[in-house]
Amino acid sequence: MTGEWQERRFVAPYDKKRKSYTRDRRNAYGESPHAARKAIPLRKRQRLRIERAKAKLLLQQPDESGLEALELRLADAQQYRKQAWKKHPDIPLREKLEHLRQRRGRLV
């Protein structure tokens with residue numbers, strides 16, 4: 001610190017809440033957050049296992065043409081890698097709450 005006193009800006013509670021609704025995010029995939037904590041790493045691991053097995057199979061196939069065929073198979077394995085699993089992005093809390101309000105209105 002340089003010894004200078006920084007001036008703090010007062011923020012009203014409703015401004016804080018409005019900002020938090022846009023900044024905070026919620027899982028929109030449809031599973032509970034507790035399950036998502038376990039399921040997301042699991043899906044990533046499964047996808048990597050499948051990719052490694054596919055690459056291993058491609059590299060173990062009998063090879064009669066030499067280096068060019070090996071390079072083609074490596075390119076195939078890398079292309080397969082680009083299809084990796086990705087998590088659906090979370091949505092802002094404001095959108096999630098609006099969706100819940102709409103659902104409640106339809107149910108009542």
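Refer to the structure printed above.
Residues numbered from 1 in each chain as written. Predicted model: local features only at pLDDT ≥ 70, side-chain atom pairs only at ≥ 80, totals over all residues. Heavy atoms only, no water.

A.B. asks: Help me out: how do you make sense of the overall build of the protein in this one?
C.D. replies: Summing up its helical and strand segments, the protein has four helices and two strands in all. Order of helices (α) and strands (β) in the protein, N terminus to C terminus: α-β-α-α-β-α. By residue count, 14% of the 108 residues in the protein fall in the buried class. Long-range pairs, those at least 24 residues apart, make up 73% of the contacts in the protein between residues at least 6 apart in sequence. (Helix = DSSP H or I, 4+ residues; strand = E, 2+ residues; numbered from the N terminus. Buried < 20%, exposed > 50% of the residue type's maximum accessible area, 1.4 Å probe, protein only. Contact = heavy atoms within 4.5 Å.)

A.B. asks: In this structure, what is going on with a nonpolar patch on the surface? I would like to understand it.
C.D. replies: Taken together, the side chains of Leu59, Leu67, Leu70 and Leu74 present a nonpolar region at the surface, about 330 Å² in accessible area. Of note, leucine 70 is situated in helix H3 (residues 67-81). In this structure leucine 70 comes out as partly exposed when scored by relative accessible area, which is 31%. (Patch = residues over 30% accessible without salt bridge, like charges linked within 9 Å, V, L, I, M, F, W, Y side chains within 5 Å. Areas by Shrake-Rupley, 256 points an atom, 1.4 Å probe, with all protein chains shown as cover. Salt bridge = Lys/Arg side-chain N within 4 Å of Asp/Glu carboxyl O.)

A.B. asks: I tried to follow helix H2 (residues 33-60) on my own but got confused; where do I start?
C.D. replies: Since the α-helix turns once every 3.6 residues, residues separated by three or four places project in the same direction. Its 28 residues place the ends of H2 41 Å apart at the C-alpha level, agreeing with the 40 Å of an ideal helix rising 1.5 Å per residue. Of all bends in H2, the biggest is about 25°, found at alanine 39, and the proline proline 41 comes one to four residues later. (Expected span 1.5 Å × (residues − 1). Bend = angle between axes of the 7 residues up to and from the residue.)

A.B. asks: In this structure, what is going on with the environment of aspartate 90? I would like to understand it.
C.D. replies: Relative to the helices and strands, aspartate 90 resides in the loop between H3 and strand E2 (91-92). Ignoring anything within four residues of it in the chain, the contact list for aspartate 90 reads Arg25, Arg26, Asn27 and Ala28.

A.B. asks: Looking at this structure, I do not really get a positive patch on the surface. What am I missing?
C.D. replies: On the surface, a cluster of positive charge is made up of Arg94, Arg101, Arg103, Arg104 and Arg106. As for its placement among the helices and strands, arginine 103 is situated in helix H4 (residues 93-107). The partly exposed category is assigned to arginine 103, whose relative accessible area is 41%. (Lys, Arg positive; Asp, Glu negative; His and termini not counted. Charge placed at Lys NZ, Arg CZ, Asp CG, Glu CD.)

A.B. asks: Is there a simple way to explain the pattern of salt bridges in this structure?
C.D. replies: A side chain with one charge can pair with a side chain of the opposite charge if their charged atoms come near. Applying the stated criterion across every chain, the model contains two salt bridges. Across the pair arginine 47 and glutamate 51 runs a salt bridge whose closest N-O atoms are separated by 3.8 Å. You can see arginine 47 and its partner glutamate 51 sitting in helix H2, four residues apart, about one turn around the helix. Classification of arginine 47 by relative accessible area gives buried; the value is 18%. Overall, the relative accessible area of 8% leaves glutamate 51 in the buried class.

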